[in-house]
Amino acid sequence: MNTRYTTTPAPRHGKPITLSVVAPCFNEEGNVNALVDRTLSVFDEMGTVAEIILVDDGSADSTWGCITKRAEQDERVRGVKHGENSGIEAAWKSGVETSEGHLVCLIDADLQNRPEDIPLLYKTYVREVPDMVQAVRHPTGSPKRRHVFSRGLNLLLNTAFGMKLRDNKSGFILARRDVLSNILRHHYTYRYYQSFIGVAAGVRGYLIAEADTAFESRGAGKSFLPRFPIMVSARIAWELAKYRYETWSWSSRGATGRSEALRQSVGLPTPTQGDAT
Ligand SMILES: Nc1nc2c(ncn2[C@@H]2O[C@H](COP(=O)(O)OP(=O)(O)O)[C@@H](O)[C@H]2O)c(=O)[nH]1
Ligand SMILES: [Mg+2]
């Protein structure tokens, strides 16, 4: 039995789920209902057997109450609860483990990523057949300072890992479940592993396609990052060095070759055009 988290009951319809959307939630009582409403409408439009899994990471507000209420009303909604706050990556892991979809989409719960862009990520996946689609976020209203900080870190990560991803920290991602589980594995302990999600896919030789999306202002509540993220930056810089050390020997793996092998192992065709990075 899993001791890290508890879940609401699994759906009983018995149909194979194509797409699981996983949203980490930390004090998101003001956003859960809108997130669920908008995501379920997207599922209806897509006509896909899908589920949304909301992971409450030890929230102090009524987030869990909102989640369980929605799970009781619609079996496409599932809740996962951590007894204590364990961070975004831990929430992704619990959500991915609980999910049943062949494909999993990670999305923020605060509505900065638009649920209406999920079909765009899905279409990009179907068209380009990469291992992972990562949204490139185009801020529409975030504070400028945060954006500059984010671009700087993006450049640093690309340089350190020899990549050209346009938004390597974006946690709005769609990938096969096995690919995501693999990316979320690591040897050392990291507090901000979510910052390495793009490069973690890259060093494993996964093929990443990018999709341009809007990045809106937070729906309700506030960001877990401070306005001047100096301590966070220092910690991320240290963890970047640690992750580069952990994955140093992987840089020699042929990116395309590995993806090709993976593709063949799951019976996917080789794309004729792509956004290989
Ligand atoms: N599981 C978990 N999720 C968190 C935590 N902090 C933030 N989140 C969620 O991660 C997403 C992004 O967090 P946010 O604070 O908006 O970060 P920002 O967009 O980078 O400012 C939101 O869905 C949050 O609810 C945390 O400690 N644990
Ligand atoms: Mg946010």
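Up top is the structure.
Let me begin by describing the structure that accompanies this report. (Residues numbered from 1 in each chain as written. Chains lettered and ligands numbered in written order. Predicted model: local features only at pLDDT ≥ 70, side-chain atom pairs only at ≥ 80, totals over all residues.)

1. Quick look at the overall build of the protein
Part 1 of the argument: Per the secondary structure count, the protein includes nine helices and eight strands.
Part 2 of the argument: Across the 277 residues that make up the protein, the buried fraction comes to 43%.
Part 3 of the argument: In the protein, the proportion of contacts linking residues at least 24 apart, taken out of those at least 6 apart, comes to 84%. (Helix = DSSP H or I, 4+ residues; strand = E, 2+ residues; numbered from the N terminus. Buried ≥ 20, exposed ≤ 12 C-beta atoms within 10 Å, placed from the backbone. Contact = placed C-beta atoms within 7 Å.)

2. Description of the site of ligand 1
Part 1 of the argument: In the vicinity of ligand 1 there are 17 residues, among which Phe26, Asp57, Ala91, Ala109 and Ser223 approach most closely.
Part 2 of the argument: Put simply, the parts of the chain that give the shell around ligand 1 at least two residues each are strand E2 (19-25), strand E3 (50-57) and helix H3 (88-98).
Part 3 of the argument: Split by residue class, the shell around ligand 1 holds nine nonpolar, four polar and four charged. (Near = placed C-beta within 6 Å. Nonpolar A, V, L, I, M, F, W, Y, C, P; charged D, E, K, R; others polar.)

3. Concerning the environment of Ala50
Part 1 of the argument: Here Ala50 lies in strand E3.
Part 2 of the argument: Its 22 C-beta neighbours within 10 Å are what place Ala50 among the buried residues.
Part 3 of the argument: Beyond its immediate chain neighbours, meaning those up to four positions away, Ala50 contacts Ile17, Thr18, Leu19, Ser20, Val21, Phe43, Arg76 and Gly101.

4. Brief notes about the nonpolar core
Part 1 of the argument: In terms of nonpolar packing, the biggest core is built from 68 residues, with Val21, Ala23 and Cys105 touching the most fellow members.
Part 2 of the argument: With residues up to four places along the chain from it excluded, the contact list for Ala23 reads Leu35, Ile52, Leu54, Val55, Ile107, Asp108 and Ala109. (Core = buried A, V, L, I, M, F, W, Y, C linked by C-beta atoms within 7 Å.)

5. Things to note about the packing of helix H5 (residues 144-161) against helix H8 (residues 230-246)
Packed helix pairs are characterised by how far apart their axes lie and by the angle those axes make with each other.
Part 1 of the argument: For the pair H5 and H8, interaxial distance at closest approach is 11 Å and the crossing angle is 20°. With respect to their mutual orientation, H5 and H8 come out roughly parallel. Pair H5 / H8 crosses with right-handed handedness. Note on element contacts: H8 touches H5 through Ile236, Leu240 and Arg244, opposite Leu153, Leu156, Leu157, Ala160 and Phe161.
Part 2 of the argument: In terms of residue class, the contact of H5 with H8 is built from seven nonpolar, no polar and one charged. (Axes fitted to C-alpha atoms, helices over the stretch in contact; angles between N-to-C directions. Parallel < 35°, antiparallel > 145°, perpendicular 65-115°, else oblique. Left-handed = near helix turned anticlockwise from the far one by under 90°.)

6. What about the sheet that holds strand E5 (residues 103-106)?
Part 1 of the argument: Strand order across the open sheet formed by eight strands is E1-E4-E3-E2-E5-E7-E6-E8, with mixed pairing between neighbours. At either end of the open sheet lies a strand with only one pairing partner, and these are strand E1 (5-7) and strand E8 (208-215). Taken over all neighbouring pairs, the strand axes of this sheet differ in orientation by 20° on average, direction set aside.
Part 2 of the argument: Sheet analysis places strand E6 (residues 132-139) next to strand E7 (residues 173-176), joined by three bridges and oriented antiparallel. In the strand pairing of E7, Val133 is matched with Leu174.
Part 3 of the argument: Contacts from helix H4 (residues 118-128) reach E2, E5, E6, E7 and E8, with the element oriented near 160° to E8. (Pairing = 2+ DSSP bridges.)

7. Regarding the pairing of E3
Part 1 of the argument: Most of E3 is tucked away, with eight of its eight residues classed as buried.
Part 2 of the argument: On E3, burial covers both faces: Ala50, Ile52, Leu54 and Asp56 on one face and Glu51, Ile53, Val55 and Asp57 on the other are all buried.
Part 3 of the argument: Here seven bridges tie E2 to E3, and the two strands are oriented parallel to one another. Directly across from Leu19, in E3, lies its bridge partner Ala50.
Part 4 of the argument: Read as a crossover between parallel neighbours, the route from E2 over helix H1 (residues 32-46) to E3 is right-handed.
Part 5 of the argument: The sheet contact formed by E3 and strand E4 (residues 77-82) spans six bridges and is parallel. (Right-handed = clockwise from strand over helix to strand, strands pointing away.)

8. Brief notes about the pairing of E2
Consecutive side chains along a regular strand alternate between the two faces of the sheet.
Part 1 of the argument: Taking burial as the measure, the seven residues of E2 include seven buried ones, the bulk of the element.
Part 2 of the argument: Of the two faces of E2, both are covered, the one formed by Leu19, Val21, Ala23 and Cys25 as well as the one formed by Ser20, Val22 and Pro24.

9. Let's talk about unusual backbone geometry
Part 1 of the argument: You will see that Asn27, though not glycine, has its phi angle at about 55°, which is positive.
Part 2 of the argument: Looking at the element boundaries, Asn27 is found in the loop between E2 and H1.

10. Focus on H8
Part 1 of the argument: Over its 17 residues, H8 runs 24 Å from end to end, which matches the ideal 24 Å to within 8%, given 1.5 Å per residue.
Part 2 of the argument: Regarding H8, the residues found buried are Ile236, Leu240 and Tyr243. With its buried residues spanning 75° around the axis, H8 presents them on a single face. Of the residues in H8, the exposed ones pointing more than 90 degrees away from the buried face are Ile230, Met231, Ala234, Ala237, Ala241 and Tyr245.
Part 3 of the argument: In this fold, the buried residues of H8 make contact with H5. (Expected span 1.5 Å × (residues − 1). Arc of directions from axis to C-beta.)

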